[in-house]
Amino acid sequence: MMTDSSHGVEVRVGRFWHEWGTATDTPRINESDTLELRGLDSLEKVSLGPVSFVADKHGCLRVRMLADDALRGHLGLIEISRESGDVAGELEIVPDKMSEEAFCALRAALERTWTGLIFDPGGVSRLRGVLPSPTELWQVIEGPVRDIAAEPRSVFASAERIRRMESVRRPSELTVSVVRAGQQRRAGRGRTLVHDSNIPENGLVAETLRRLASYARRQPDGAEVATRAARMLRAHPFASCGLTRGGVQTARLRTLHDSRYRRIDQVLRVLDRPEAHATEGPGEARLGVKAIIRLYEFWVFLQVLEACRDRYGAPHEPGFRILGRRNRSGTTRLGIPAGATVSFPGGVHAAFEPRIWSNGRGWASLENVPHPDRSLAQDLITPDVMVLRGGAEPSAVVFDAKHVGRRWVEFEAAKLHSRYSRIRLHGRPVVRNVLAAHPHRGIDFLWAGYGSVPMVPGVQADLGGLLP
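(A) Layout of the overall build of the protein. The helix and strand inventory of the protein stands at 9 helices and 25 strands. At a minimum sequence separation of 6, the contacts of the protein that also span at least 24 residues come to 65%. In the structure as shown, the protein presents an accessible area of about 23,400 Å², 48% of it carried by carbon and sulfur atoms.

Spelled out as structure tokens, the structure:
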């Protein structure tokens, strides 16, 4: 909530200055930009969340976020408070290319965990299966792919090329354009026969490389194979090859006596199984690095589901199938709708972004009791992840994803406690702990009723002792 102290304080966004209180949207700046404020008092102390800075004698503040340990790597909203204690406004730090490496690691870990839950051979999902490793599949096709790249199958096709009249060898190549250009001693456009490699057989190889790269990216040991497959896919002749509807069957009929293509087709048949088929989504991943905060929330939920499975056993039907939806094309679209709930033995329920109202009509009949401080009171709360164990003595734990800098973890954990600790069921308080999930190793403080827990993409989180 902003006060009159926000008037006159401006933040620079791109080439323009924006005054807090006059714009409807929260100002946004990239994480690698320089934060600039003006309109402050001379030498005024300003707090950006838990970090303090001092304005210069002209009332300006300039902080290069890449060079500041407290701000580097922080994403999300920042509350800016003045020395008087009043809130000047909020600023949102959005990810840019600086987070590209972290985004790639998060996306790979997310897809790997997601598909691992959906296609778990020991789970209750109907999409089951165990596949060879990416390395094993690559070893089968590496030799044939290189042989085909060196000497691919092709067909003669007519194409338009720049030709000189003296180089024409066939009557069909002698076009009006070539003749006219020849009279002026220059080249013209003419039709000629060329070797065309864009045929179903090579399209089958290109499709196999695409599938293998996609599958390898989701496996812990598949990074190198994904890189190699993608590199071959960019080379001749596969870079220009596509596969049309029915093209696979056509290619198989035309390669019955070519062992190179047959071995690649064997791997494609393996990769065509549902558990290896290219997945779509989550939709947010298409936004690239800008979606890292949202994807991290998904990642936290999946880590909690894995921990619940390990502690309570396989989930009840429909189990993890709610995490994906099969399309007519055979692909699986990954997605987690708000309120999605997975139930486990012992009356345990894990929910993603459950809606909990103060009137008790929200998820699982839970009731949010608004904070006595009006500045913190909310009628509706939606924690990122909540695990509820029912029974005679119900208990719950809240996990909220915070992709923030190391210095911000404790600050955010305390804020989350004030927001999500006042939940009750049938008149009885149920929340045991409110935990800030963050991507930093070594920060795992647990205070009375709240704390933090590291959830690092690619590393199995230890949540067993934190569940209700």
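What follows picks up the thread again.
(B) View of the side chain of Asn202. In this structure, Asn202 sits in helix H4 (residues 200-217). Classification of Asn202 as buried rests on a relative accessible area of 0%. At 2.7 Å, the side chain of Asn202 forms a polar contact with the side chain of Tyr261.

(C) Region of interest: the sheet that holds strand S22 (residues 423-425). Read across the open sheet, the 3 strands follow the order S18-S22-S23; overall the sheet is antiparallel. The two strands at the open ends of the sheet, each matched to only one other strand, are strand S18 (367-368) and strand S23 (428-429). As paired elements, S18 and S22 share 2 bridges and run antiparallel to each other. Within S22, the residue paired with Glu367 across the bridge is Arg424.

(D) Region of the structure containing the nonpolar core. Leu305, Leu323, Phe399 and Met455 are the most contacted members of the largest nonpolar core, which has 45 residues in total. For this core, the elements supplying multiple residues, two or more each, are helix H1 (100-118), helix H8 (292-312), strand S15 (341-344), strand S16 (348-352), strand S20 (385-389), strand S21 (395-401) and strand S24 (431-438). By residue number, the principal contributor to this core is H8, which donates 13 residues. Residues in contact with Leu323, not counting those within four places in the same chain, are Trp114, Leu117, Ile118, Phe301, Leu302, Leu305, Arg333, Leu334, Gly335 and Ile336.

(E) Quick look at the pairing of S21. The element S21 is extensively covered by neighbouring structure, given that 7 of its 7 residues are classed as buried. Of the pairings in the sheet, the one linking S20 to S21 comprises 5 bridges and is antiparallel in character. Residue pairing across strands places Arg389 opposite Ser395, the latter belonging to S21. Pairing of S21 with S24 involves 6 bridges; the strand directions are parallel. When the bridges of S24 are listed, Val398 appears paired with Val434.

(F) Region of the structure containing helix H2 (residues 134-150). Between the first and last C-alpha of H2 there are 23 Å, a value that for 17 residues agrees with the 24 Å anticipated at 1.5 Å per step. When the local axis directions of H2 are compared, the greatest deviation, roughly 40 degrees, occurs at Ile141, which is followed within four positions by the proline Pro144. Residues of H2 that are buried: Pro134, Leu137, Trp138, Ile141, Pro144, Val145 and Ile148. Turning to H2, the residues buried within the fold contact H4, helix H5 (223-233) and helix H7 (259-271).

(G) Here's a closer look at the packing of aromatic side chains. A complete count under the given rule lists 5 aromatic pairs for this structure. Arranged with centres 6.0 Å apart and planes meeting at 15 degrees, the rings of Phe445 and Trp447 form a pair that is stacked. A residue is classified by how much of its surface remains accessible, and Phe445, at 39% relative accessible area, is partly exposed. In this structure, Arg38 packs its charged tip against the face of Trp17, placed 4.1 Å from the ring centre.

(H) Geometry of the pattern of salt bridges. According to the stated counting rule, one finds 20 salt bridges in the structure shown. Note that Arg12 and Glu36 form a salt bridge whose closest N and O atoms lie 3.8 Å from each other. Of this pair, Arg12 sits in strand S1 (residues 10-13) while Glu36 is found in strand S4 (residues 34-38), placing the two residues 24 residues apart along the sequence. Of the residues examined, Glu36 reaches a relative accessible area of 16% and is grouped as buried. Note that Arg146 and Glu142 form a salt bridge whose closest N and O atoms lie 3.4 Å from each other. Of this pair, Arg146 and Glu142 both sit in helix H2, 4 residues apart, which is roughly one turn of the helix.

(I) Main features of the side chain of Asp96. Within the secondary structure layout, Asp96 lies in the loop between strand S9 (87-94) and H1. Among the polar contacts listed, one links the side chain of Asp96 to the side chain of Ser32, at a separation of 2.4 Å.

(J) Helix H9 (residues 409-420), seen in detail. The terminal C-alpha atoms of H9, which comprises 12 residues, lie 16 Å apart, in line with the 16 Å expected from a rise of 1.5 Å per residue. Against strand S19 (380-381), S21, S22, S24 and strand S25 (450-454) lie the buried residues of H9.

(K) Representation of the packing of H4 against H5. Running from N to C, H4 and H5 cross one another at 155 degrees; their axes reach a closest spacing of 8 Å. What the angle tells us is that H4 and H5 run roughly antiparallel. Handedness of the H4/H5 crossing: left-handed. Residues Ala206, Leu209, Arg210, Leu212, Ala213, Ala216 and Arg217 of H4 form the contact with H5, whose own contacting residues are Ala223, Val225, Ala226, Ala229, Met232 and Leu233. Tallied by class, the residues present in the contact of H4 with H5 amount to 11 nonpolar, no polar and 2 charged.

Calculation notes
Residues numbered from 1 in each chain as written. Predicted model: local features only at pLDDT ≥ 70, side-chain atom pairs only at ≥ 80, totals over all residues. Heavy atoms only, no water. Helix = DSSP H or I, 4+ residues; strand = E, 2+ residues; numbered from the N terminus. Contact = heavy atoms within 4.5 Å. Areas by Shrake-Rupley, 256 points an atom, 1.4 Å probe, with all protein chains shown as cover. Buried < 20%, exposed > 50% of the residue type's maximum accessible area, 1.4 Å probe, protein only. Polar contact = N/O pair within 3.5 Å; in protein donor to acceptor, adjacent residues only side chain to side chain. Pairing = 2+ DSSP bridges. Core = buried A, V, L, I, M, F, W, Y, C linked by side-chain atoms within 4.5 Å. Expected span 1.5 Å × (residues − 1). Bend = angle between axes of the 7 residues up to and from the residue. Phe/Tyr/Trp six-rings, centres within 6.5 Å; stacked < 30°, edge-to-face > 60°. Lys NZ or Arg CZ within 6 Å of the ring centre and 35° of its normal. Salt bridge = Lys/Arg side-chain N within 4 Å of Asp/Glu carboxyl O. Axes fitted to C-alpha atoms, helices over the stretch in contact; angles between N-to-C directions. Parallel < 35°, antiparallel > 145°, perpendicular 65-115°, else oblique. Left-handed = near helix turned anticlockwise from the far one by under 90°. Nonpolar A, V, L, I, M, F, W, Y, C, P; charged D, E, K, R; others polar.

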